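Read off the chains here:
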Amino acid sequence: NEDVWQTEELRALLDFYVAYYEEGEQKMWQEFNQYCHSLTYCSELTELFKRYLDYKTQLQNLDTERLELASDFEDRLDELDMLRSELFSLLEISLLFDDEEVWDRHAIERLRINQNASLSKLQKAQQVKQQLEHLPEHMKQAVVPTQQLRKINQIVSSTALNSSDEYNQLAAEFGDDPAQRLVAVNQSQNTWLNKIQLFQQRSGDLKHQFDQSPTDYSQAITQLKQQMFDTNEQKRLQVY
């Protein structure tokens, strides 16, 4: 329905064509104009797109300082609101930024909770959990993987490796099959870290042994890597 073109999909549409800027401004306008030229509302959409590009440019002026405190992020968000009000109508602000505004306000509140030195770790976790419950439903789904990962880390860090407690708690939370995979991954990671620790010890011994001969030391380290790690593990070692 071309009479109703200002919808909740507007932000995604504009961002899609902004992404072409990586290939150059000319490429961006070429792609946008190709999409827009046949639309009855093309002039209105083009004018909005220009203001959106101006908004993206002016964002750079707001991000010149490092932000750490929740109050810093809140001040920046207030400045964002002022900028948006200068460039867009109330309807446009609602369509383009409402979801982002809600998400950011909630995120700042969670940061404020975590930065509250008067709260214990348990109290912070409880308050963050309560705060997440107030998110709109579609936003709750977005934080589910993070919550699950935190729960996994909590269980793994509070139980002995490969213990029945570790498996039982994981199984109760995620089911038997995921619990088996998580235990296996945890075991594999610990095996890898133990291997790394042994390598570091042996490389330290070699450095002491070949202290006066850097070339011999380099050759010895290369040989040690080949002895202890297969080809893929050596790549992983390099990253580590």
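Refer to the structure presented above.
Counting of residues starts from 1 at the beginning of each chain's written sequence and follows it residue by residue. Where local features are concerned, this predicted model is filtered to residues with pLDDT of at least 70; where side-chain atom pairs are given and counted, the filter is 80 or more; whole-chain, interface and lining totals use all residues. Calculated side-chain values reflect all of the structure's heavy atoms, with hydrogen atoms and water omitted.

(A) Local environment of the overall build of the chain. By definition, any uninterrupted DSSP run of H or I lasting at least four residues is a helix, any uninterrupted run of E lasting at least two residues is a strand, and each is numbered from the N terminus. Within the chain one finds 11 helices and zero strands. Walking the chain from its N terminus toward its C terminus, one meets helices and strands in the order α-α-α-α-α-α-α-α-α-α-α. What you see for the chain is a C-alpha radius of gyration of 27 Å, clearly larger than the 18 Å of a compact globule of 240 residues, by over 25%. A principal-axis box enclosing the C-alpha atoms of the chain has dimensions of 75 × 50 × 40 Å. Sorting the 240 residues of the chain into buried and exposed places 30% on the buried side. Any pair of residues with heavy atoms lying within 4.5 Å of one another is described as a contacting pair. Summarising the internal contacts of the chain: among those between residues at least 6 apart in sequence, 52% fall at separations of at least 24. The Shrake-Rupley method, run with a 1.4 Å probe, gives the accessible areas here. Residue values count only the displayed protein chains as cover. Summed over all atoms, the accessible surface of the chain reaches about 16,400 Å², with 48% contributed by carbon and sulfur. Positive charges come from Lys and Arg alone, negative charges from Asp and Glu alone, with His and the N- and C-terminal ends not counted. In plain terms, the charge of a residue is placed at NZ if it is Lys, CZ if Arg, CG if Asp and CD if Glu. Of the side chains in the chain, 24 bear a positive and 41 a negative charge, and the two mean positions are spaced by 8 Å. Two things to know: the radius of gyration comes from C-alpha atoms, and the globule rule equals 2.2 Å times the number of residues to the power 0.38. Throughout this description, buried means an accessible area under 20% of the type-specific maximum (1.4 Å probe, protein chains only), exposed means over 50%, and partly exposed covers the range between.

(B) Broad picture of the side chain of Q131. The residue Q131 is located in helix α6 (residues 121–132) in this model. With a relative accessible area of 10%, Q131 lands in the buried category. Here Q131 is in contact with H106, E109, R110 and I113, once residues within four sequence places are set aside.

(C) Highlighting the packing of helix α9 (residues 176–209) against helix α10 (residues 214–228). For helices, the fitted line uses only the C-alpha atoms of the stretch in contact; every axis is such a line through C-alpha atoms, and the angle between N-to-C directions lies from 0 to 180 degrees. Packing of α9 against α10 leaves a shortest axis separation of 10 Å and a crossing angle of 155 degrees. As judged from the angle between their axes, α9 and α10 are roughly antiparallel. Our pair here, α9 against α10, has a crossing hand that is right-handed. Mapping the contact onto sequence places K195, L198, F199, R202, S203, L206 and K207 in α9 and Y217, A220, I221, L224, K225 and M228 in α10. Classification used: nonpolar for Ala, Val, Leu, Ile, Met, Phe, Trp, Tyr, Cys and Pro, charged for Asp, Glu, Lys and Arg, polar for all others including Gly. Its residues assigned to classes, the contact of α9 with α10 comprises eight nonpolar, one polar and four charged. Orientation labels follow simple angle bins: below 35 degrees gives roughly parallel, above 145 gives roughly antiparallel, 65 to 115 gives roughly perpendicular, and whatever is left gives oblique. When the near helix sits turned anticlockwise from the far one by under a right angle, the crossing is termed left-handed; a clockwise turn instead gives a right-handed crossing.

(D) Summary view of the packing of α10 against helix α11 (residues 231–239). Interaxial distance between α10 and α11 falls to 9 Å at its minimum, and their mutual angle equals 125 degrees. The angle between the axes of α10 and α11 places the two elements in the oblique class. Between α10 and α11 lies a crossing whose hand is right-handed. The segment α10 lies against α11, with K225, Q226 and M228 engaging E233, Q234, L237 and Q238.

(E) Representation of the packing of aromatic side chains within the structure. For Phe, Tyr and Trp, where Trp contributes only its six-membered ring, two rings pair if their centres lie within 6.5 Å, and the inter-plane angle classes them as stacked under 30 degrees, edge-to-face over 60, or tilted in between. Summed over the entire model, instances satisfying the criterion amount to 15 aromatic pairs. Where Y52 meets Y55, the ring centres are 6.2 Å apart and the plane angle is 25 degrees; that geometry is what we call stacked. One end of the pair is Y52 and the other is Y55, both in helix α3 (residues 42–62) and three residues apart, which spans about a single turn. Taking 5.6 Å as the distance between ring centres and 75 degrees as the angle between the ring planes, the aromatic pair formed by F199 and F229 counts as edge-to-face. Of this pair, F199 sits in helix α9 while F229 sits in the loop between α10 and α11; the two residues are 30 residues apart in sequence, bridging distant segments of the chain. Each member of the pair F199 and F229 is classed as buried. Site record: aromatic cluster; members linked through ring pairs are F16, Y17, Y20, W29, F32, Y35 and F49.

(F) Highlighting the layout of surface pockets. Here a cavity denotes grid points, spaced 1 Å and computed from the protein atoms alone, that fit a 1.4 Å probe unable to get out, and a pocket denotes an open set having protein on both sides within 12 Å along at least 5 of 7 lines; residues with an atom within 4 Å of a point are the lining. Grid points are joined across faces, edges and corners, and a volume is the space filled by probe spheres set on the points. Volume-wise, the largest pocket comes out at about 850 Å³. Contributing to the lining of the largest pocket are 21 residues, with A125, K129, Q147, R150 and Q154 lying nearest its centre. Taken together, the residues that form the lining of the largest pocket break down as six nonpolar, seven polar and eight charged. Along the walls of the second largest pocket sit V18, Y21, E25, M28, W29, L53, K56, T57 and Q60, which together make up its complete lining. At the level of elements, α2 (25–36) and α3 are the ones that each hand at least two residues to the lining of the second largest pocket. Among the elements that take part in the lining of the second largest pocket, α3 stands out by supplying four residues, more than any other.

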